[in-house]
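Fold and contact review
One letter stands for each residue in the lines below.
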Amino acid sequence: MSDFLLTQIINYGAPILGIIVFIGAMGAPFPGTLIVIAVGAFAKQGLLAWHTTGLIALACVVLGDCLSYGMGFYARDTILHRFEKSDRWIKAEDTFNRWGGMAVVWTRFLITGIAVPVNLIAGSSGFSFRRFFLYDLLGEFIWIFGYGGLGYLFGAQWETVSNVLSNISGLTLGMVLLAIGVWLGVRRLKTIESNKTKVPGL
Amino acid sequence: MPPKVQRALILGLVILGILIAGFFGFRAVFALREFQRHEPPPLAEALTEQIVETDAELIRDWMTIPYISRTYQVHPKILFDALGISPMENEEKSLLQLNEEFFPEMPGIVIELVKAAVKASQLAPAGDVPGTPAAP
């Protein structure tokens, strides 16, 4: 897949890159990070103009993210109907409203594997669009110009850089899942402990 | 959520997290070692546009002849001649596509011919055009 996409980029340039990152932002499993780093290297070779290519890619990926936010937003009624505004749902909404900005930024360039679920959750949990848009723009700016910049700096070695970054991204995702699991486990143990201490007092 | 489901969810997250972190962590260590083996280019050089590539081993299957020609500063005619095919309607095809179309019986031959042509043109004095057409 990545080979086919790279061939299309060297043939058709920035417009095809825009389409790829747009579809990727909507959930298609494209190797976006690899492509952005490669495009940085292509810009160094003078094949693409880094500023216009970067801006086209940024506009397209943000548009794709906004659309997947929209999908979550319009699915909100169905989700609310399903959970009937339960305490858990309200609590989850509050948590996302507090930490959602960070989740949006970090999932744009580091834990990219869960970017689309975060967009959908942001849309469906009532996270404001204005905040989503600003955090999304910041995160995608880092992704496009930061990672693309690494491709530009390292030139022909872009494949090695991409390999390191994609593995670090996977490692981070694993550590986040592990941290959530441990956090939930500790919370569950605390609840069990507090229930035990409450029983004798009854 | 029933306690059994809660327990399974927590256990699942922890196991999945360990597996993913272990797998990618292992690969990241190897990737970092590989990264350190390659000296990064000096910043001044890295910021200069249009550096001519010289390492023909970096040629990949997804590249097209015009792209290789531009990257290695080798005339496209030399590369097409080395493959024995016409540039007409073949300029946008990757090396892999050219291989599948013109040399289906010989996988990997196109990339090898192109690498050899690039190396030969790097060795040849300026103005000399190497490369003999190979019948498809």
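Remember, predicted model here, so these are calculated numbers, not experimental data.

1. Focus: the overall build of chain B
Helix and strand counts for chain B come out as six helices and zero strands. The N-to-C order of helical and strand elements in chain B reads α-α-α-α-α-α. By the burial criterion, 25% of the 136 residues in chain B qualify as buried. The contacts of chain B with a sequence gap of at least 6 include a subset with a gap of at least 24, amounting to 59%.

2. Let's talk about the overall build of chain A
Helices and strands together make up the secondary structure of chain A, namely nine helices and zero strands. The helix and strand sequence of chain A, counted from the amino end, reads α-α-α-α-α-α-α-α-α. Dimensions along the principal axes, computed over C-alpha positions, put chain A at roughly 75 × 35 × 25 Å. In chain A, which comprises 202 residues, the share counted as buried stands at 43%.

3. Some points on unusual backbone geometry
All names here are of chain B. Its identity as a non-glycine residue notwithstanding, Q73 has a phi of 55 degrees, on the positive side. Among the secondary structure elements, Q73 is positioned in the loop between α3 (65-72) and α4 (76-83). Phi at E89 takes a positive value of approximately 65 degrees, unusual for a residue other than glycine. With respect to the helices and strands, the residue E89 is situated in the loop between α4 and α5 (95-102). By C-beta crowding, E89 is classed as exposed, having 8 other C-beta atoms within 10 Å.

4. Section: helix α8 (residues 129-154) of chain A
An α-helical turn contains 3.6 residues, so any two residues separated by three or four positions project in the same direction. Residue and element names in this part refer to chain A. The end-to-end C-alpha distance of α8 is 36 Å, a good match for the 38 Å that 26 residues give at a rise of 1.5 Å each. Of the positions making up α8, those classed as buried are F132, Y135, D136, G139, E140, W143, I144, Y147, G148, G151, Y152 and F154. Looking one or two residues beyond α8, the residue adopting positive phi is G155, at roughly 50 degrees.

5. Focus on the interface of chain B and chain A
Taken residue by residue, the interface counts 36 residues in chain B and 32 residues in chain A. Mapped by element, the contributors of at least two residues to the side of chain B that touches chain A are α1 (3-37) and α3 of chain B. Element by element, the count of residues in the side of chain B that touches chain A is highest for α1(B), at 17 residues. Across the side of chain B that touches chain A, the residue classes break down as 20 nonpolar, eight polar and eight charged.

6. Points about the nonpolar core
Among the nonpolar cores identified, the biggest contains 67 residues, and A38(A), V39(A), L79(B) and V114(B) are the most heavily contacted of them. For this core, the two domains that each supply at least three residues are domain 1 (3-38) and domain 2 (56-123) of chain B. If near-sequence neighbours (up to four positions away) are discounted, V39(A) is found in contact with I9(A), L17(A), L48(A), T53(A), G148(A) and G151(A). Counting residues in each nonpolar core, the second largest holds 13 residues, with F73(A), A103(A), A115(A) and I121(A) among its members.

7. What to know about helix α7 (residues 115-124) of chain A
Residues and elements named next belong to chain A. α7 sits mainly inside the fold: eight of its 10 residues count as buried. All buried positions along α7 are accounted for by A115, V116, V118, N119, I121, A122, G123 and S124. Trailing α7 by a residue or two, G126 shows a phi angle of about 80 degrees, which is positive.

Rules of the game
Residues numbered from 1 in each chain as written. Chains lettered and ligands numbered in written order. Predicted model: local features only at pLDDT ≥ 70, side-chain atom pairs only at ≥ 80, totals over all residues. Helix = DSSP H or I, 4+ residues; strand = E, 2+ residues; numbered from the N terminus. Buried ≥ 20, exposed ≤ 12 C-beta atoms within 10 Å, placed from the backbone. Contact = placed C-beta atoms within 7 Å. Expected span 1.5 Å × (residues − 1). Nonpolar A, V, L, I, M, F, W, Y, C, P; charged D, E, K, R; others polar. Core = buried A, V, L, I, M, F, W, Y, C linked by C-beta atoms within 7 Å. Domains from an automatic or database assignment.

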